[in-house]
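Chain and residue survey
Below are the chains, spelled out letter by letter.
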Amino acid sequence: MQTLLRAVEFLTLGLWLGSDAFLSFVVAPGAFAILGNRDAAGMMVGYSLARLHYAGIFLGLIFLVARLARTHDFGSFTSAAALCVVLMVILTAASQFTVSNRMEALKKQMVSVQNTPESDPRRVEFNRLHHISVRYEAAVLLLGLAGMVLLVREVAKP
């Protein structure tokens, strides 16, 4: 059972990390390169990002449940690998439920981000939020990489 639960930890973190990397390095650049309209590309990426956020939160919680079931100790949440996952969940939830929601509201007000002047206060705020969103996603990706390395180190300990 210990091996199965450890495998669940690796699987959940690996799926989240892989999905995040795929969205960041394939889906988002591809949408903006292939779709001729930046608004359509933004809608595609926003749709994908929301699903990634919900999946990431779910996978992070499954990781923590598997860890608790394996160790029978809430103290195991203070390990470096688990703390990376906890931070990933927090950043993802903050991104989805604050930053992304505010960006969506601004997009509805502007109708077209592409056709809204850069100097428009709504566009200025949208761009600011977009930069925050990118930083959150980069942090989640880096935490996922660190978490994976730390998880491997846990297993390698005698």
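Residues numbered from 1 in each chain as written. Predicted model: local features only at pLDDT ≥ 70, side-chain atom pairs only at ≥ 80, totals over all residues. Heavy atoms only, no water.

This brings us to the nonpolar core. Ranked by internal contacts, the top residues of the largest apolar core, which has 22 residues, are Leu13, Trp16, Phe63, Val85 and Met88. Where this core is concerned, the elements lending two or more residues are helix H1 (2-34), helix H2 (38-71), helix H3 (80-110) and helix H4 (121-156). Once you skip the residues sitting within four places of it in the chain, valine 85 turns out to touch Leu13, Gly60, Phe63 and Leu64. Val99, Leu106, Met110 and Val113 belong to the second-largest nonpolar core, a separate cluster that totals 8 residues. (Core = buried A, V, L, I, M, F, W, Y, C linked by side-chain atoms within 4.5 Å. Buried < 20%, exposed > 50% of the residue type's maximum accessible area, 1.4 Å probe, protein only. Helix = DSSP H or I, 4+ residues; strand = E, 2+ residues; numbered from the N terminus. Contact = heavy atoms within 4.5 Å.)

Next up on the list: a nonpolar patch on the surface. Together, Phe22, Phe25 and Val26 make up an exposed nonpolar region whose accessible area comes to about 330 Å². With relative accessibility at 58%, the residue phenylalanine 25 sits in the exposed group. (Patch = residues over 30% accessible without salt bridge, like charges linked within 9 Å, V, L, I, M, F, W, Y side chains within 5 Å. Areas by Shrake-Rupley, 256 points an atom, 1.4 Å probe, with all protein chains shown as cover. Salt bridge = Lys/Arg side-chain N within 4 Å of Asp/Glu carboxyl O.)

Counted at 1.5 Å a residue, the expected span for H1 with its 33 residues is 48 Å, and the 46 Å between its end C-alpha atoms agrees. Along its length, H1 shows its largest kink, about 40 degrees, at leucine 23. (Expected span 1.5 Å × (residues − 1). Bend = angle between axes of the 7 residues up to and from the residue.)

Considering all chains together, one arrives at 2 aromatic pairs under this definition. Between the aromatic rings of tyrosine 54 and phenylalanine 97, the centroid separation amounts to 5.9 Å while the plane-to-plane angle is 65 degrees, which identifies the pairing as edge-to-face. Pair noted here: tyrosine 54 is in helix H2 and phenylalanine 97 is in helix H3, with a separation of 43 residues, a long-range link. On the accessibility criterion, tyrosine 54 (46% relative accessible area) is partly exposed. Classification of phenylalanine 97 by relative accessible area gives partly exposed; the value is 44%. (Phe/Tyr/Trp six-rings, centres within 6.5 Å; stacked < 30°, edge-to-face > 60°.)

Under the 1.5 Å per step criterion, the end-to-end length of H3 is 43 Å for 31 residues, consistent within 8% with the ideal 45 Å. Two residues or fewer after H3 comes valine 111, characterised by a positive phi angle close to 70 degrees.

Here the focus is the packing of H1 against H4. Close contact between H1 and H4 brings their axes to 10 Å; oriented N to C, the two are set at 150 degrees. Taken together, the axes of H1 and H4 are roughly antiparallel relative to one another. In terms of crossing hand, the pair formed by H1 and H4 is left-handed. Judged by residue contacts, Arg6, Glu9, Phe10, Leu13, Gly14, Trp16, Leu17, Asp20, Ala21 and Phe25 of H1 engage Glu137, Val140, Leu141, Gly144, Leu145, Gly147, Met148, Leu151, Val152, Glu154 and Val155 from H4. In terms of residue class, the contact of H1 with H4 is made up of 13 nonpolar, 3 polar and 5 charged. (Axes fitted to C-alpha atoms, helices over the stretch in contact; angles between N-to-C directions. Parallel < 35°, antiparallel > 145°, perpendicular 65-115°, else oblique. Left-handed = near helix turned anticlockwise from the far one by under 90°. Nonpolar A, V, L, I, M, F, W, Y, C, P; charged D, E, K, R; others polar.)

Further remarks concern the side chain of arginine 70. Structurally, arginine 70 is set in helix H2. Of note is the side chain of arginine 70, whose polar atom sits 2.6 Å from the side chain of glutamate 9. (Polar contact = N/O pair within 3.5 Å; in protein donor to acceptor, adjacent residues only side chain to side chain.)

Within the element layout of this structure, aspartate 73 appears in the loop between H2 and H3. On the basis of relative accessibility, which here comes to 41%, the residue aspartate 73 falls in the partly exposed class. Sequence-wise, aspartate 73 and alanine 28 are 45 residues apart; in three dimensions their C-alpha atoms are separated by 39 Å. Within polar-contact distance, the side chain of aspartate 73 engages the backbone nitrogen of glycine 75 at 2.9 Å.

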